[in-house]
Amino acid sequence: MTYNAIVVRNDDNSHSSAFGTLTELDDHPSGVTVRIEYSTLNYKDALAVSGRGPIIRTFPLIPGIDFSGVVVDSADARFAVGDRVVATGFGLGVDHNGGLSQLVRVPAEWLVKLPAALSTFDAMSFGTAGLTAMLSIIGIENHGIVPASGPVIVTGAGGGVGGLSVHLLARLGYTVLAATGRASEAAYLTRLGAAGIVERADLSTPGRPLAKARWAAGIDNVGSHTLANLCAGLLDDGIVMSCGMAQGLDFPGSIAPFVLRGITIAGVNSVNRSMPLRQTIWERLADLTDRQVLASMIDTIGLDDVPHYAGRLLDGEVRGRLVVNCGD
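Residues numbered from 1 in each chain as written. Predicted model: local features only at pLDDT ≥ 70, side-chain atom pairs only at ≥ 80, totals over all residues. Heavy atoms only, no water.

### Points about the pairing of strand β14 (residues 298–302)
The side chains of a regular strand alternate between the sheet's two faces. Using the following cut-off: Strands were regarded as paired on the criterion that DSSP finds at least two bridges between them. Working definition: helices are DSSP H or I runs of at least four residues, strands are E runs of at least two. Numbering for both runs from the N terminus. With the strands aimed away from the viewer, a crossover counts as right-handed if its path from the first strand over the helix to the second runs clockwise.
With five bridges joining them, β14 and strand β15 (residues 321–325) adopt parallel strand pairing. When the sheet's bridge partners are listed, Asp299 is paired in β15 with Leu322. In this fold, the crossover linking β14 to β15 by way of helix α9 (residues 306–314) has right-handed handedness.

So this is what it looks like as structure tokens:
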């Protein structure tokens, strides 16, 4: 059995990633073998492929934090040959061989059967970014924030999580403010559903401990000063869902909005969510999304294109989602 994959190595502390042909799969005796049709190139994957971040914990490894495809062999009664499945998280592409490959064998517990309304391409149009966006929205809903509560701001709106968050929130009836550093993306973000554009520069530098209250909730992909400024601008009892650290790991903020306005920061971890919650999210994604709008967010690349696009993604030259066609 031969298959193609992206393999990252760190021989003699020298990082490399390359497209190549392999002949062996991971040994999961009670696992499921999937012929991968699509994966994605996420920020985390780009760090792993490029070597710009310490993402991978064991070498050599196939990166890719998500994939969708068709079962070709199963030692678990829950999955049969021909089932269409999706997987995200669980250490894929970090501790275990991931989705930037044509074949993978994983424990059955990591797989979700796709809803009938979603193709394998649709699944990776969402991917981990869609799961993260929906987890963030569920957090906002569970906090009691409804469309009438006030605007919701989304940072890093030009990226995958940000763009999907903008679109899904708008479809749910929220007034969405999209923060971006690229003025040229205003028309694109408006098409996704943004009611207004916020300049990234207005949020990314040190601000007041307590700013004018402008939004009921936020989804932050950036961290650092941006997260602090989102907190400073929350309305009473507002919440920020924190799901990214592109600007930095620090939080140079004040306790003032927490004490004086009763605000909350909640972290979003999509790696180890329960299977019932994952199933609910995939069904909601299938029902909520305007497929024409989703298509406008997608660029499709080949498996051998991944190293090139990893650098472009990290350099801010990519908007929306990069879906990787692993089958060709």
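Once the structure has been displayed, the description carries forward.
### Some thoughts on the packing of helix α2 (residues 120–142) against helix α7 (residues 275–288)
What counts is decided by this rule: In this analysis an axis means a line fitted to C-alpha atoms, helices contributing only their contacting stretch, and an angle means the value between N-to-C directions, from 0 to 180 degrees. We call two directions roughly parallel when the angle between them is under 35 degrees, roughly antiparallel when it is over 145, roughly perpendicular when it lies between 65 and 115, and oblique otherwise. What makes two residues a contact is simply this: any of their non-hydrogen atoms within 4.5 Å. In this classification, Asp, Glu, Lys and Arg are treated as charged, Ala, Val, Leu, Ile, Met, Phe, Trp, Tyr, Cys and Pro as nonpolar, and every other residue, Gly included, as polar.
Contact geometry for α2 and α7: axes closest at 9 Å, N-to-C directions at 105 degrees. With respect to α7, the axis of α2 lies roughly perpendicular. On the side of α2, the interface is formed by Ala123, Phe126, Gly127, Gly130, Leu131, Met134, Leu135, Ile138 and Glu141, while α7 contributes Leu277, Arg278, Ile281, Trp282, Arg284, Leu285 and Leu288. Taken together, the residues of the contact of α2 with α7 break down into eleven nonpolar, two polar and three charged.

### A word on the nonpolar core
Rule in force here: By convention a nonpolar core is built from buried Ala, Val, Leu, Ile, Met, Phe, Trp, Tyr and Cys residues, the set being connected through side-chain atoms within 4.5 Å. Burial classes: relative accessible area under 20% of the type maximum marks a residue as buried, over 50% as exposed, and values in between as partly exposed (1.4 Å probe, protein chains only).
Grouped together as the largest cluster of nonpolar side chains are 87 residues, with contacts concentrated most on Phe67, Leu111 and Ile140. By residue number, the principal contributor to this core is α2, which donates eleven residues. Each residue touching Ile140, except ones within four places of it in the same chain, is listed here: Ile145, Val152, Tyr174, Ala217, Gly218, Ile219, Ile239 and Met241.

### As for the pattern of salt bridges
The test is simple: By convention in these notes, a salt bridge is any Lys or Arg side-chain nitrogen within 4 Å of a carboxyl oxygen on Asp or Glu.
Across all of its chains, the model carries eleven salt bridges by this definition. Across the pair Arg105 and Asp73 runs a salt bridge, and its minimum N-O distance is 3.1 Å. One end of the pair, Arg105, is in strand β6 (residues 103–107); the other, Asp73, is in strand β4 (residues 66–74), with 32 residues separating them in the sequence. Note on Arg105: relative accessible area 12%, which makes it buried. Put simply, Asp76, Arg78 and Glu109 are held in one network by salt bridges that share partners.

### A few points about the packing of α2 against helix α3 (residues 160–171)
Our working rule: If you view the pair so one helix is near and one far, a crossing is left-handed when the near helix is turned anticlockwise from the far one by less than a right angle, and right-handed when it is turned clockwise.
Running from N to C, α2 and α3 cross one another at 55 degrees; their axes reach a closest spacing of 8 Å. Regarding the angle of α2 to α3, the classification is oblique. For the crossing formed where α2 meets α3, the hand is right-handed. Taking contact as the criterion, the partners of Ser125, Phe126, Ala129, Gly130, Thr132, Ala133, Met134 and Ile137 in α2 are, on α3, Gly160, Val161, Leu164, Ser165, Leu168 and Leu169.

### Points about the packing of aromatic side chains
Selection criterion: Here a pair means two rings of Phe, Tyr or Trp (six-membered ring of Trp) with centres within 6.5 Å. Their orientation is stacked below 30 degrees between planes, edge-to-face above 60, and tilted elsewhere.
Under the defined criterion, the tally for this structure stands at three aromatic pairs. Relative to Phe121, the ring of Tyr38 has its centre 5.2 Å away and its plane inclined at 80 degrees; by these criteria the two rings are edge-to-face. One end of the pair, Tyr38, is in strand β3 (residues 31–40); the other, Phe121, is in helix α2, and 83 residues separate them in sequence. Ring geometry for Phe90 against Trp110: centres 5.8 Å apart, planes inclined by 0 degrees, an arrangement best described as stacked. Separated by 20 residues along the polypeptide, Phe90 in the loop between β5 (84–88) and β6 and Trp110 in the loop between β6 and β7 (112–113) bring together distant segments of the chain. Pair check on accessibility: Phe90 and Trp110 agree, each one buried.

### Digging into the side chain of Asn221
Convention followed: Think of a polar contact as two N or O atoms within 3.5 Å of one another; within protein, one of them needs to be a possible hydrogen donor and the other a possible acceptor, and neighboring residues in sequence only count if both atoms come from side chains.
Tracing the backbone shows Asn221 in the loop between β11 (215–220) and α5 (224–232). Residue class for Asn221 comes out buried when judged on its relative accessible area of 13%. A distance of 2.7 Å separates the side chain of Asn221 from the backbone oxygen of Thr155, its partner in a polar contact. Not counting residues within four places of it along the chain, the set of residues in contact with Asn221 comprises Val154, Thr155, Gly156, Val161, Gly162, Cys243, Gly244, Met245 and Ala246.

### Re the pairing of strand β10 (residues 196–199)
Burial of β10 is one-sided: the residues Gly196 and Val198 facing one way are buried, the residues Ile197 and Glu199 facing the other way are not. Note that strand β9 (residues 176–180) and β10 share four bridges and pair parallel. Paired with Leu177 across the strands is Gly196, a residue of β10. For the crossover that starts at β9, traverses helix α4 (residues 186–192) and ends in the parallel β10, the hand is right-handed.

### What to know about the environment of Thr226
Topologically, Thr226 is positioned in helix α5. Separated by 20 residues in sequence, Thr226 and Pro206 have C-alpha atoms that sit 8.4 Å apart. Setting aside residues up to four positions removed in sequence, Thr226 forms contacts with Thr155, Leu203, Ser204, Asp220 and Gln247.

Honestly, it's all geometry; don't read function into it.
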